Structures are given as C-alpha cells and as structure tokens.
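Descriptive structure summary
Each chain is listed here by its residues.
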Amino acid sequence: MKEDIRQVIGEEYLNKLDIEGFSNMLKDPSYCYKFYWLEAIVNLIDENVGSTTFDEIIDEMIANAWYSVMEFHIHLSGVVMGDVRDGLERAVYRLAELSDLKNNASKMEIKDALKAHSKEMKAVKKQLTNMVPYRALAGFFARSDTRANWDSVKLLVAYIQEFDRTHAKLPYILGTSSGLEREVVFNHDWMRMIQDNSVAILGWIQYEKMKWLQNNNPEVPGLVYKLAPLNEKMRKLGNVHKLWDAVVACKPVSDIFSNNPIDASGYDIDHFVPWSFVMNDELWNLMPMDSGLNSSKSNKLPSWNPFFERFAHNQFIMYELVQSVDSIHKLFENCYRDNIHSIWANQELYRPKNSREEFYSILEKNMRPVYDSARRQGYQVWEKCV
C-alpha cells in the first residue's frame with residue numbers, strides 16, 4: 001500500500017513532504033487503535049480542523065469504532081485469556097455500560113454521550129494516549145541522527161517539536177498541556193495534502209485496518225462489511241418471502257419459537273444465525289417467523305436445542321415441496337441469484353432425493369460451526385427462547 005499512496009499523491013506534495021514517512025504511520029502496529037488514530041486525524045483535517053486535543057481525537061476514535069464493536073462484536077486486537085487486548089475496544093464497552101446508546105447510534109449521539117460521561121471515561125481514554133500519538137510519527141525520524149527517548153513523554157514532545165523545526169515538517173506536533181488536554185497542531189501543508197487526497201488515504205487506512213481485523217477475527221465472515229453501517233437496501237429477501245408464501249399456502253408451517261402456525265398475512269423472514277454475523281441472506285439460514293417475536297429476537301442467537309431441530313423441520317418441508325411442486329421449484333430458482341451461493345447447499349443440501357435424516361445431517365454439519373463461531377465472537381443467546 002506504500003507504493004499505492006505515492007502513486008495517488010501529486011508531485012507537488014511528493015517533492016515537498018515526507019510521503020514515505022507518512023506511509024510508515026501504520027507500520028508494525030501492536031494494537032488496532034493505531035489505525036483509528038490516523039483515521040480520526042484524517043477525518044478532522046478533512047473538516048478543516050487545524051488544531052485539536054487528545055481528548056477530541058479519542059472521541060472521534062471511539063465513535064468510529066463503536067458500530068463494529070457493538071453491532072458485530074468485532075475484537076479490535078483479539079482476546080487473550082478471556083480479556084480484551086485493545087484499549088479502544090475497552091473504551092467502547094465502558095461507554096456502553098455508562099450510556100443507553102444503541103448499537104447503531106450516530107456519531108453525534110456517541111460524542112454527546114462521551115461528553116456526558118467525560119469523568120467516568122477519563123481513565124480508559126487517557127490510556128489510549130500513552131504511546132500511539134508519538135509512535136505514529138516514528139517513521140519520519142529516520143532522517144535524524146538523534147534518537148527519540150521513548151521513555152519520557154516530556155522529552156518526546158520536545159524531540160517532535162525540534163525535529164519539525166530542523167528536519168522535515170511533520171503532519172502534526174504536540175503541545176505541552178498534560179493528559180487528554182495535550183494539544184495536537186496540524187501542519188498547513190500536510191492539511192492541504194490530506195484534504196486533496198482524503199478519499200485515497202481513508203481507503204488505504206481502511207484496507208490496512210481490515211487486514212489487521214481479519215487476522216484478529218479469523219472466524220468472522222464478511223468482515224469488510226462490518227466497519228460501518230450498511231444500507232438496508234442491500235438486503236435481498238423478496239424472493240425468499242415469495243417462496244415461503246407458497247410453502248405456507250401449501251402446507252402448515254409453525255413458528256419455531258411459539259409453535260403457533262405461521263400466519264400467511266403477517267410474518268417476517270429472519271435469520272437463524274444473525275445476519276449481523278453471517279452478513280448474507282442465504283436460504284439455508286432463513287426462516288419464517290412471527291413478526292412480533294422478530295423484533296424481540298433482534299441479532300441474538302436461538303439456543304441450539306431444541307430450536308435447530310424445529311428450524312430443520314421447516315427447512316425440510318420447504319425442500320420437499322421444492323422437489324415435488326413445479327410452481328414452488330420455480331420460486332426456488334428465483335432465489336439463485338441472491339440467496340443460494342454456498343457450494344455445500346447447492347451440491348448437497350438441495351440435491352434431489354435427500355431423506356429427512358440426510359437433510360438434517362447436512363444442514364447441521366454446515367450450520368453448527370457457523371453458530372459456534374458466533375457464540376465465541378460474543379453473540380448472546382436470546383433469553384426468551386432459552
């Protein structure tokens with residue numbers, strides 16, 4: 001990505017600024033919040049903020065990480081012995097404990113909550129400033145014969161200011177205030193470069209961040225879609241609903257949670273393993289569900305027993321009708337484009353002449369690992385159905 005950044009930045013800036021040093025700002029991270037630090041700075045500069053404080057940058061970082069952590073249970077730097085490693089993730093969880101923010105809260109709502117709970121949030125926010133603001137600039141210091149003293153914040157601040165005066169201009173220098181009030185002053189030329197290339201730079205940061213997150217969340221599918229809220233129009237359930245309409249009209253189907261017959265005039269299509277984990281609308285994970293219960297279930301998991309067997313029973317009803325009724329088979333074929341992509345489903349689950357036992361076994365063999373991964377990632381079991 002270093003070479004890509006150089007390719008998109010104009011000669012004016014390549015000749016004037018240390019773009020090589022800038023490309024090293026994401027090099028060798030120890031924690032994910034290094035990505036969020038630079039992303040927050042780029043966002044603030046893009047809004048023409050010329051100077052700020054640690055406090056405001058950390059608020060931006062928490063707001064940017066909130067959705068991935070709270071909605072999708074993404075671990076920013078993994079978990080060791082049951083403990084969250086990343087200080088930014090801990091800050092998000094702390095704010096969640098203190099506030100009544102929703103998982104999809106807006107950036108403004110998150111920042112308002114941070115101000116309302118500034119006293120309680122101070123300790124977890126301050127921890128995020130211990131090294132990253134200084135270490136992020138380390139890639140620039142290769143030009144200097146004098147080594148930075150990483151053991152003293154006071155000496156580091158002085159070193160950064162001196163380097164900025166006597167060597168290449170840095171994207172930012174730091175002030176002398178203490179704690180979260182320490183000033184961050186952006187260089188005017190770097191601001192112009194970042195503003196002129198903000199889309200490419202944010203894309204680079206997102207790419208590097210995504211690689212880091214995928215490495216620390218190896219079981220999580222579709223992670224690229226879990227960094228920011230998605231447009232609900234991306235959901236593709238129309239043909240699945242038509243398929244289940246035909247199934248329900250042909251044969252009684254019961255809601256797996258209430259055991260009541262599905263009312264053809266008022267039911268939802270929902271995911272057994274939550275959409276926020278699988279990030280797809282595969283037919284094998286979808287079920288008709290009472291509309292009133294669906295909102296209560298939200299993005300929680302059903303307990304595996306007894307609900308998987310009931311779910312598999314409904315799936316098998318649909319499978320048998322697809323195999324035996326031409327009009328329903330045609331509706332099934334309409335789902336190919338958006339809802340039937342898994343190779344195992346195409347080649348095994350929906351092949352003709354599966355017995356009930358074979359169908360259940362294939363479905364369980366492929367769904368149980370996905371379900372277990374969601375549990376390990378932190379998805380809760382729906383209390384109503386326990």
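Structural data are supplied above this passage.
In this report, we go over the structure that sits alongside the text.

Some details on the overall build of the protein
Secondary structure assignment for the protein yields 20 helices and 7 strands. Relative to its 386 residues, the protein shows a buried fraction of 49%. A sequence separation of at least 24 residues applies to 69% of the contacts in the protein between residues at least 6 apart. In the structure as shown, the protein presents an accessible area of about 18,600 Å², 48% of it carried by carbon and sulfur atoms. Seen as two clouds, the 45 positive and the 53 negative side-chain charges of the protein have centres 3 Å apart.

Digging into the sheet that holds strand β4 (residues 172-174)
Two pairing modes exist for strands in a sheet, parallel and antiparallel, and in both the strands are linked by backbone hydrogen bonds. Pairing is antiparallel in the open sheet, where 3 strands are placed in the order β1-β5-β4. Edge positions in the sheet fall to β1 (51-53) and β4, since each of these pairs with one other strand and no more. Between one strand axis and the next, the sheet turns through 25° on average, direction left out of account. Sheet topology note: the β1/strand β5 (residues 183-186) ladder contains 3 bridges and is antiparallel. The residue of β5 that forms the bridge with T53 is E183. Where helix α5 (residues 54-72) meets the sheet, its contacts fall on β1, β4 and β5, and the angle it forms with β1 comes to roughly 80°.

So, the environment of L174
By secondary structure assignment, the location of L174 is in strand β4. With 160 residues separating them in the primary sequence, L174 and N334 have C-alpha atoms 59 Å apart. Those residues in contact with L174 that sit more than four places away from it in its chain are F54, Y134, V157, I160, Q161, R182, E183 and V184.

Quick notes on the environment of K236
Within the secondary structure layout, K236 lies in the loop between α12 (198-216) and α13 (238-250). Each C-alpha atom, one on K236 and one on S99, is 33 Å from the other, the two residues being 137 residues apart in sequence.

Section: the pairing of strand β6 (residues 267-271)
Judged by how many residues are buried, β6 sits mostly within the fold: 4 of 5 residues are covered. Where β6 and strand β7 (residues 286-290) come together, 5 bridges link them in antiparallel fashion. Note that in β7 the partner of D268 across the bridge is M289.

Quick notes on the packing of α5 against helix α7 (residues 107-116)
Contact geometry for α5 and α7: axes closest at 9 Å, N-to-C directions at 130°. Classified by the angle their axes make, α5 and α7 are oblique. In the crossing of α5 with α7, the sense of the turn from one axis to the other is right-handed. Counted together, D59, E60, I62, A63, N64 and W66 of α5 and K107, I110, K111 and L114 of α7 form the full contact between these two elements. Class assignment of the residues belonging to the contact of α5 with α7 gives a composition of 5 nonpolar, 1 polar and 4 charged.

Focus: the nonpolar core
Soluble globular proteins tend to bury their nonpolar side chains together. Counting 125 residues, the largest nonpolar core has F22, I62, Y172, M193, F272, Y350 and L363 as its most contacted members. Counting residues per element, this core draws most heavily on α5, at 12 residues.

Some words on the pattern of salt bridges
A side chain with one charge can pair with a side chain of the opposite charge if their charged atoms come near. Tallied over the full model, the rule gives 14 salt bridges. Linking K211 and E208 is a salt bridge whose minimum nitrogen-to-oxygen distance equals 3.4 Å. Of this pair, K211 and E208 are both found in helix α12, 3 residues apart, which corresponds to roughly one turn of the helix. Under the relative-accessibility criterion, K211 is labelled partly exposed at 40%. Here E348 and K365 are joined by a salt bridge, their closest N and O atoms 3.3 Å apart. With a gap of 17 residues between them, E348 in helix α19 (residues 343-349) and K365 in helix α20 (residues 356-377) connect regions that are remote in the sequence. For E348, a relative accessible area of 23% puts it in the partly exposed group.

What about the packing of aromatic side chains?
The relative placement of two aromatic rings is captured by the distance of their centres and the angle of their planes. Here the structure, examined in full by the defined rule, presents 30 aromatic pairs. For the pair W37 and F54, a centre-to-centre distance of 5.9 Å together with 75° between the ring planes defines the contact as edge-to-face. With a gap of 17 residues between them, W37 in helix α4 (residues 33-46) and F54 in helix α5 connect regions that are remote in the sequence. Exposure remark for W37: the relative accessible area of 1% places this residue in the buried category. Ring centres 5.0 Å apart and planes at 90° place the aromatic pair F257 and W382 in the edge-to-face group. With F257 in the loop between α13 and β6 and W382 in the segment after α20, the pair connects residues that are 125 residues apart, well separated along the chain. Its relative accessible area of 14% is what places F257 among the buried residues. When its relative accessible area of 4% is taken as the criterion, W382 is described as buried. Of note, R135 hangs over the ring of W150, and the distance from its end group to the ring centre comes to 4.0 Å.

Examining the environment of S177
With respect to the helices and strands, S177 occurs in the loop between β4 and β5. Taking relative accessible area as the criterion, S177 reaches 24% and is therefore assigned partly exposed. Along the backbone, S177 and T53 are 124 residues apart, and their C-alpha atoms lie at a distance of 9.4 Å. When sequence neighbours within four positions are dropped, the list of residues in contact with S177 reads R182 and E183. Here E183 takes part through its side chain, which lies 2.5 Å from a polar atom of the side chain of S177.

Calculation rules
Starting afresh in each chain, residues are numbered from 1 along the sequence in its written order. For a predicted model such as this one, the threshold for reporting local features is a pLDDT of at least 70, and the threshold for listing and counting side-chain atom pairs is 80 or more; totals across whole chains, interfaces and linings nevertheless cover every residue. The basis for every side-chain value is the complete set of heavy atoms in the structure, and neither hydrogens nor water enter the calculation. Only DSSP runs of H or I reaching four residues or more are called helices, and only runs of E reaching two or more are called strands; each is numbered from the N terminus. When a residue's accessible area, from a 1.4 Å probe over protein chains only, is under 20% of the maximum for its type it is buried; when over 50% it is exposed; and in between it is partly exposed. Residue contacts are defined here by distance: any two heavy atoms, one from each residue, within 4.5 Å place the two residues in contact. Each accessible area is a Shrake-Rupley estimate made with a 1.4 Å probe; only the visible protein chains count as cover when residues are assessed. Residues counted as positive are Lys and Arg, residues counted as negative are Asp and Glu, and His and the chain ends are not counted. Each charge is placed at NZ for Lys, CZ for Arg, CG for Asp and CD for Glu. Pairing between strands is defined by DSSP: at least two bridges between them are needed. Helix axes are fitted only over the stretch in contact, all axes being lines through C-alpha atoms; the angle between N-to-C directions runs from 0 to 180 degrees. Geometric relationships in this document are graded by angle, where less than 35 degrees denotes roughly parallel, more than 145 denotes roughly antiparallel, 65 to 115 denotes roughly perpendicular, and other angles denote oblique. Left-handed describes a crossing in which the near helix is turned anticlockwise from the far one by less than a right angle; the clockwise case is right-handed. Ten residues, namely Ala, Val, Leu, Ile, Met, Phe, Trp, Tyr, Cys and Pro, are considered nonpolar, four, namely Asp, Glu, Lys and Arg, are considered charged, and the remaining ones, Gly among them, are considered polar. Residues enter a nonpolar core if they are buried and are Ala, Val, Leu, Ile, Met, Phe, Trp, Tyr or Cys, with the set joined through side-chain atoms within 4.5 Å. Salt bridge, as used here: a side-chain nitrogen of Lys or Arg that lies within 4 Å of a carboxyl oxygen of Asp or Glu. When the centres of two rings from Phe, Tyr and Trp lie within 6.5 Å, Trp using its six-membered ring, the rings pair. Their planes under 30 degrees apart give stacked, over 60 give edge-to-face, and anything left gives tilted. Remark: a charge is flagged as sitting over a ring if the NZ atom of Lys or the CZ atom of Arg is within 6 Å of the ring centre and within 35 degrees of the ring normal. Distance and chemistry together define a polar contact, namely a pair of N or O atoms within 3.5 Å, with one atom able to donate a hydrogen and the other to accept it when in protein, and with adjacent residues in sequence counting only for side-chain atoms on both sides.

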